[in-house]
Amino acid sequence: MTEENYIPTILVVDDMAANIAILSDLLKENYKVKVANNGKKALELARGKEKPDLILLDIEMPHMNGYDVCRELKSSSNTKDIPIIFVSAKTSADDEEYGLNLGAIDYIKKPFHPAIIKIRVKNHIELKLKSSKLEELSMCDSLTGISNRRFFEEAYEKTYKEVQREDGTLSVIMIDIDYFKPYNDNYGHWQGDVALTKVARTLKKSMKRPTDVIARYGGEEFVVVLKNCEKEGAKKMANSLVEAIRELKLEHKHSLASNIVTISVGVAFKEKESNLTKEELLKEADEQLYRAKESGRDRYCASF
């Protein structure tokens, strides 16, 4: 989202075609512009796969006014962080106060000055991108570059709720690098960091779907969450992770499992009809990881 070539998206919402045309012409040079001429369409676009980075929202519209649209967007975790600027002919201080109290970041009164619109949009977009970059960094493990435990905990809770609501399945895979302390002790912590990063990036490359989640769980531990992946698919993923790390062929003469860096993996699975809590599922994966270690390491064990 915050890459240099990224073009922010602005959603313009107004029931008057002339106003949409004016705002679109003002902004199209620097932004992708999407338009909606009613509240229902605005909500549909805001909830879509490509969410807008900023919404310019009229207030006085038929069927669903701008206040109602703002209220709906701010009540959902999926859309609450999209910045909203009211652009309205309602010019009283009470109207402006009401709009800002609903969660809008700015309030521009009609008739507006084109240069003012452009500057305010530019400033708010810059703030949004900086905020997104900071949020992205806070969810990223600084050493390995993959997602961190904070990201995992939020993604896991969200995915678990989705699976419950949609009557789906959920797999959790716990991963630990075998005999990593002897690796650090003998090769040095700098080389240990290099190995840890290579393992992390290899594990991440092994993810097959956009919905697959992998994160560093702590130390030399990693965790994977697979939504709606059947039992055999979860086992296949676990085995492919073990093999992918073997194929790195990172020397480890001080391991009791192999002469290269290997991993142990534990897999747990939640059936559609299962009442397993997310904590119990995670604990089960951890128990299977322990079982894999007890069985000789460099392998996966599953609870099914």
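Let me begin by describing the structure that accompanies this report. The residue numbers shown here count from 1 along each chain, following its written sequence. Local features in this predicted model are restricted to residues of pLDDT 70 or higher, and side-chain atom pairs are both shown and tallied only at a pLDDT of 80 or more, whereas totals for entire chains, interfaces and linings draw on every residue. Side-chain metrics in this entry use all non-hydrogen atoms of the structure; hydrogen atoms and water are not considered.

1. Digging into helix H1 (residues 17–27)
For step 1, the next point in the chain: Any residue under 20% of the maximum accessible area for its type is buried, any over 50% is exposed, and the rest in between are partly exposed; the area is computed with a 1.4 Å probe on protein chains only. Helical segments are the DSSP runs of H or I of at least four residues, strand segments are the runs of E of at least two, and each set is numbered from the N terminus. Turning to H1, its buried residues are Asn19, Ile20, Leu23, Ser24, Leu26 and Leu27. Along the axis of H1, the buried residues cluster in a sector spanning 160 degrees; they form a single face.
For step 2, the next point in the chain: Those residues of H1 that are buried are in contact with strand E1 (9–13), strand E2 (32–36), strand E3 (54–57) and helix H5 (114–138). In this description, one arc is meant: the one made by directions from the helix axis to the C-beta atoms. Every residue pair with non-hydrogen atoms within 4.5 Å of one another is taken to be in contact.

2. A closer look at the side chain of aspartate 141
For step 1, the next point in the chain: Mapped onto the elements, aspartate 141 comes out in the loop between H5 and helix H6 (149–166).
For step 2, the next point in the chain: Looking at aspartate 141, the relative accessible area reads 12%, which means it is buried.
For step 3, the next point in the chain: Only 3.2 Å separates the side chain of aspartate 141 from the side chain of arginine 216, close enough to count as a polar contact.
For step 4, the next point in the chain: Those residues in contact with aspartate 141, other than ones at most four positions away along the chain, are Ile146, Ser147, Asn148 and Arg216. What qualifies as a polar contact is a pair of N or O atoms within 3.5 Å, subject to a donor-acceptor requirement within protein and to the restriction that residues adjacent in sequence count only when both atoms come from side chains.

3. Some words on the state of the cysteines
For step 1, the next point in the chain: Here, two cysteine sulfur atoms that lie within 2.5 Å of each other are counted as a disulfide. Summed over the entire model, instances satisfying the criterion amount to zero disulfides.
For step 2, the next point in the chain: Looking at cysteine 229, it has no disulfide partner, and the nearest cysteine sulfur is the one in cysteine 301, 18 Å off.
For step 3, the next point in the chain: Residue classification places cysteine 229 among the buried positions, given a relative accessible area of 13%.

4. Quick word on the pairing of strand E9 (residues 263–270)
For step 1, the next point in the chain: Summarising burial for E9: eight of the eight residues are buried, a large majority.
For step 2, the next point in the chain: Alternating positions in E9 separate into two faces, Ile263, Val265, Val267 and Phe269 on one and Ser264, Gly266, Ala268 and Lys270 on the other, with burial throughout.
For step 3, the next point in the chain: Whether two strands pair comes down to DSSP finding at least two bridges between them. As paired strands, strand E6 (residues 170–177) and E9 are joined by eight bridges and run antiparallel to one another. When the sheet's bridge partners are listed, valine 172 is paired in E9 with alanine 268.
For step 4, the next point in the chain: Bridging between E9 and strand E10 (residues 299–302) involves four bridges; their strand directions are parallel.

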